[in-house]
There are 2 protein chains.
Amino acid sequence: MAANSSDRPVLEELDRAECLRLIAGGSVGRVAFDDGEGPTVVPVNYSVDGDAVIFRTSVAGRLNRSLLTVVAGGEVRAAFEVDRFDESSRQGWSVLLRGGAHPLTEAEIGRVAQVEPWPGGERDAWFRLAAREVSGRRVHRP
Amino acid sequence: MAANSSDRPVLEELDRAECLRLIAGGSVGRVAFDDGEGPTVVPVNYSVDGDAVIFRTSVAGRLNRSLLTVVAGGEVRAAFEVDRFDESSRQGWSVLLRGGAHPLTEAEIGRVAQVEPWPGGERDAWFRLAAREVSGRRVHRP
């Protein structure tokens, strides 16, 4: 039988519980934020802390400077994406958290899920992004 | 010898040529944009067309509506991220393109690198993001 569009993977929406289960292990995610020159996105190591993700970045880096500048004592709108796709089967999933990110104080850092960055070097700026909205999709063959 | 920070992967900046080489094969990337409720990011299939990336999305979807709304005949600031990370070795790379995205006309679609989306279903909104800025980083053990 010839391949046709019905052989292709389909998109399925995932519920919040499934999304949080998929990303629970931590690893690499991507923070989307506005650095003053428009939307941008950078990969970071993260861990999950309830309905929030915790991530670390360099104090001197652009992510920290952007988030701190915009935050000004409050929180800044940001999104956090985690996905896992398999090239050969063309299947996988993605999860998106949207909400406010805020920097963690030293006291708070001691109370949240710990994050171990892959690269060496200073990663002393910690952030928590609380998910107001959690969505996800799976691409799979029916 | 005990593990210490010098055993950890290091970050290396990649030049523009290396970045474009890494993403040349196409596959899955992530578009960051502002949908009016702050920055967000969604995975899409893409191909590379010179210094630009081409991606497709659903006409009815949020990505298309957001980009079209903001574009208003011009282009909208967006970012495009591609990465490949290996969990076990904790190594990998990421490439970021920043610039303006604009919708393609039918005539333009015929002239650019083609994109085959993984999932079935309508993906009739085509966009081109021209990279004004290309940057990338590799995480690797020295």
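Residues numbered from 1 in each chain as written. Chains lettered and ligands numbered in written order. Predicted model: local features only at pLDDT ≥ 70, side-chain atom pairs only at ≥ 80, totals over all residues. Heavy atoms only, no water.

S.K.: How do you make sense of the overall build of chain A when you look at a structure like this?
M.R.: On a plain count of helices and strands, chain A comes out with three helices and seven strands. Burial analysis of chain A (142 residues in total) assigns 52% to the buried set. In chain A, the share of contacts with a sequence separation of at least 24, taken over all contacts with a separation of at least 6, comes to 69%. As displayed, chain A offers around 6,600 Å² of accessible surface, 50% of which is attributable to carbon and sulfur atoms. Each charge class in chain A was averaged separately, 18 positive and 21 negative side chains, and the resulting centres sit 2 Å apart. (Helix = DSSP H or I, 4+ residues; strand = E, 2+ residues; numbered from the N terminus. Buried < 20%, exposed > 50% of the residue type's maximum accessible area, 1.4 Å probe, protein only. Contact = heavy atoms within 4.5 Å. Areas by Shrake-Rupley, 256 points an atom, 1.4 Å probe, with all protein chains shown as cover. Lys, Arg positive; Asp, Glu negative; His and termini not counted. Charge placed at Lys NZ, Arg CZ, Asp CG, Glu CD.)

S.K.: Where do I start with the packing of aromatic side chains in this structure?
M.R.: Aromatic rings in a pair are described by how distant their centres are and how their planes are angled relative to each other. Within this structure, the stated rule accounts for eight aromatic pairs over all chains. Between F55 of chain A and F127 of chain A, the aromatic rings sit 5.7 Å apart at their centres with planes inclined by 20°, giving stacked as the arrangement. Taken together, the residues F55 of chain A in strand 4 (residues 52-57) and F127 of chain A in strand 7 (residues 125-140) connect sequence positions 72 residues apart. Ring plane angle 80° and centroid distance 5.9 Å describe the contact between F85 of chain A and W118 of chain B, whose orientation is recorded as edge-to-face. With F85 of chain A in strand 5 (residues 76-86) and W118 of chain B in the loop between helix 3 (106-109) and strand 7 (125-140), this pair bridges two chains. (Phe/Tyr/Trp six-rings, centres within 6.5 Å; stacked < 30°, edge-to-face > 60°.)

S.K.: What is the right way to look at helix 1 (residues 16-23) of chain A in this model?
M.R.: Residues spaced three or four apart along an α-helix point in a common direction, a consequence of the helix completing one turn every 3.6 residues. Listed in full, the buried residues belonging to helix 1 of chain A are E18, C19, L20, L22 and I23 of chain A. Packed against the buried residues of helix 1 of chain A are strand 1 (10-14), strand 3 (39-49), strand 4, strand 5, strand 6 (91-103) and strand 7 of chain A.

S.K.: Is there a simple way to explain the interface of chain A and chain B in this structure?
M.R.: Accessible area lost upon the coming together of the parts serves often as the stated size of an interface. Contacts between chain A and chain B engage 40 residues on the former and 40 residues on the latter. With both chains or domains summed, chain A and chain B bury close to 3,500 Å², and 52% of this area falls on carbon and sulfur atoms. Among the residues of chain A in contact with chain B, P39, R98 and W118 of chain A are the three that bury the most area, contributing 22% of the side total. E116 of chain B is the salt-bridge partner of R90 of chain A, the closest N and O atoms lying 3.5 Å from each other. Between chain A and chain B we count 18 residue pairs in polar contact (both at pLDDT 80 or more) in total. Taken together, the elements giving at least two residues each to the side of chain A that touches chain B come down to strand 2 (27-34), strand 3, strand 5, strand 6 and strand 7 of chain A. (Buried area = accessible area lost by both parts, 1.4 Å probe. Salt bridge = Lys/Arg side-chain N within 4 Å of Asp/Glu carboxyl O. Polar contact = N/O pair within 3.5 Å; in protein donor to acceptor, adjacent residues only side chain to side chain.)

S.K.: Sorry, what's going on with the pattern of salt bridges here?
M.R.: Charged atoms that come close allow side chains of opposite charge to pair. The tally for this structure, following the rule as stated, stands at 20 salt bridges over all chains. When the shortest N-O distance is used, the salt bridge between D35 of chain B and R98 of chain A registers 2.8 Å. Of the two residues, D35 of chain B sits in the loop between strand 2 (27-34) and strand 3 (39-49) while R98 of chain A sits in strand 6, which places them in two different chains. As far as burial versus exposure is concerned, D35 of chain B and R98 of chain A are alike and both buried. In this structure, R16 of chain B and D51 of chain B form a salt bridge, with 2.6 Å as the shortest nitrogen-oxygen distance. On the criterion of sequence distance, the pair formed by R16 of chain B in helix 1 (residues 16-23) and D51 of chain B in the loop between strand 3 and strand 4 (52-57) is long-range, its members being 35 residues apart. In this structure R16 of chain B comes out as partly exposed when scored by relative accessible area, which is 33%.

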